Amino acid sequence: MTLVSRNRIILSLFLLAVTFILATGSILVLAIMKGTILFPETFQRLFDLPTVPLLSANMFAAILSAIVLLLYSAVMLGISLVNFEKTRSLEITCFAFFALGCLFEGIRIWLPVFNFWANHSSLYVLIGQLLFFGRTLSVANLLALALLALELENKQNIEMNLLVVTAVAALLARLTPIDTLIVPSNCSIRFGYEKMFLTVTAVSFSVGFLSMLYQSNNRGSQEYTRVAVGFLLLSFGYLTLTQADSILFFAVGSLLLVAGSITFLVNLHRFYTWK
């Protein structure tokens, strides 16, 4: 993939993200003005947690988490385009598609706006599949970013890798069952084997972090060690925000995501500048 084609793809993703944000933002503002936002009276948490002020279930915190990930998507795509426009970085290509996956979290905002929980239709199932596709796309691209970093010089098959990752994410989203009977506390849609998915995701992020540390040791690069640390922080920040249903999880997830992304991008740019 040439720099020109990569930059065009990232630009297209950025424009898509901005368009989606404007549309979703307009829908949300109109719903607030009309007072038509509806939250379910009963919902279920994925994990049993103590009922204390900062840990108690809070749909407002869940909506804020979705908004943060939605805005994060466009901001990261814009930064990737501007700061890495002339930088041949395999990682930034995968990172851009991770940011695309974050964009799908904005769909969670539609749920209380249109009260999709009250109508368990095929559209409700489709929304659940889109959410799962976005999460699988993000997780797979973060893992690919870390593992492919072991062969930084081998960029010939990046298009095929991205195609395979996207196809696998779409297939898993199509096959994953959607639970239409439970309203989850993170303002989302419950899908089958969710705890297993979260466990596999956490293990994948840990493996990715270790592979990046291995790469940094081989190259003797302190910058790439910091890249690995940033990767770990932003990965678990993203994972926390997708499940955030309390003020504490929202705050921790946002802090990890922002701090990790800054550390990751700044040091990745330095690594390729001094390479």
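Residues numbered from 1 in each chain as written. Predicted model: local features only at pLDDT ≥ 70, side-chain atom pairs only at ≥ 80, totals over all residues. Heavy atoms only, no water.

Chemist: What is the right way to read the overall build of the protein chain from this model?
Modeler: Per the secondary structure count, the protein chain includes nine helices and zero strands. Along the protein chain, helices (α) and strands (β) appear in the sequence α-α-α-α-α-α-α-α-α when read from the amino end. Along the first, second and third principal axes, the C-alpha set of the protein chain runs to 55 × 40 × 35 Å. Here the protein chain, with 275 residues, has 50% of them falling under the buried criterion. Looking at the protein chain alone, contacts between residues at least 24 apart form 82% of all its contacts between residues at least 6 apart. Surface exposure of the protein chain reaches about 12,900 Å², of which carbon and sulfur atoms provide 70%. Here the protein chain contributes 16 positive and 12 negative side-chain charges, whose respective centroids are spaced 6 Å apart. (Helix = DSSP H or I, 4+ residues; strand = E, 2+ residues; numbered from the N terminus. Buried < 20%, exposed > 50% of the residue type's maximum accessible area, 1.4 Å probe, protein only. Contact = heavy atoms within 4.5 Å. Areas by Shrake-Rupley, 256 points an atom, 1.4 Å probe, with all protein chains shown as cover. Lys, Arg positive; Asp, Glu negative; His and termini not counted. Charge placed at Lys NZ, Arg CZ, Asp CG, Glu CD.)

Chemist: How should the pattern of salt bridges be read in this particular structure?
Modeler: A side chain with one charge can pair with a side chain of the opposite charge if their charged atoms come near. Enumeration over the complete set of coordinates arrives at four salt bridges. Measuring nitrogen to oxygen at the nearest pair gives 2.8 Å for the salt bridge that ties Arg-108 to Glu-105. With relative accessibility at 1%, the residue Arg-108 sits in the buried group. Glu-105 is the salt-bridge partner of Arg-135, the closest N and O atoms lying 2.9 Å from each other. Residue Arg-135 is found in helix 5 (residues 122-148), and its partner Glu-105 is found in the loop between helix 3 (90-103) and helix 4 (107-114); the two are separated by 30 residues along the sequence. Per residue, the accessibility class of Arg-135 equals that of Glu-105, and both read buried. Each member of the salt-bridge network shares a partner with another, and the members are Glu-105, Arg-108 and Arg-135. (Salt bridge = Lys/Arg side-chain N within 4 Å of Asp/Glu carboxyl O.)

Chemist: Just to check I follow, could you spell out the packing of helix 4 against helix 5 for this structure?
Modeler: How two helices sit against one another is set out by the angle between their axes and by the gap between those axes. Taken N-terminus to C-terminus, the directions of helix 4 and helix 5 make an angle of 160 degrees; their axes are 10 Å apart at the nearest point. Here helix 5 runs roughly antiparallel to helix 4, going by the angle between their axes. Note on packing geometry: the crossing formed by helix 4 with helix 5 is left-handed. From helix 4, Ile-107, Arg-108 and Leu-111 reach across to helix 5, where they touch Ile-127, Leu-130, Leu-131 and Arg-135. (Axes fitted to C-alpha atoms, helices over the stretch in contact; angles between N-to-C directions. Parallel < 35°, antiparallel > 145°, perpendicular 65-115°, else oblique. Left-handed = near helix turned anticlockwise from the far one by under 90°.)

Chemist: Can you help me understand the packing of aromatic side chains in this one?
Modeler: The geometry of two aromatic rings is summed up by the distance between their centres and the angle between their planes. The final tally for this structure, using the stated rule, is 13 aromatic pairs. Their ring planes at 75 degrees and their centres at 6.2 Å tell us that Tyr-72 and Phe-98 sit as a pair that is edge-to-face. Taken together, the positions of Tyr-72 in helix 2 (residues 59-83) and Phe-98 in helix 3 put the pair 26 residues apart, joining distant regions of the chain. On the basis of relative accessibility, which here comes to 0%, the residue Phe-98 falls in the buried class. Taken together, the aromatic side chains of Tyr-72, Phe-95, Phe-98, Tyr-238 and Phe-264 make up a single cluster linked through ring pairs. (Phe/Tyr/Trp six-rings, centres within 6.5 Å; stacked < 30°, edge-to-face > 60°.)

Chemist: Please explain the layout of surface pockets as it appears in this structure.
Modeler: If you roll a probe as big as a water molecule over the atoms, it shows you where there is empty space left. Considering only enclosed or pocket space, the largest pocket measures out at about 330 Å³ in volume. If you trace the largest pocket, you find 16 residues lining it, with Phe-132, Thr-136, Leu-172, Phe-197 and Val-200 closest to the centre. Residue classes in the lining of the largest pocket are distributed as 11 nonpolar, five polar and no charged. Around the second largest pocket sit 16 residues that line it, and Phe-47, Gln-243, Ala-244, Asp-245 and Phe-249 are the ones nearest its centre. Looking at the lining of the second largest pocket, the element that brings in the most residues is helix 8 (residues 222-243), giving three residues. Here the residues of the lining of the second largest pocket sort into eight nonpolar, five polar and three charged. (1 Å grid on protein atoms, 1.4 Å probe; cavity = no way out; pocket = protein on both sides within 12 Å on 5 of 7 lines; lining within 4 Å. Points joined across faces, edges and corners; volume = space filled by probe spheres on them. Nonpolar A, V, L, I, M, F, W, Y, C, P; charged D, E, K, R; others polar.)

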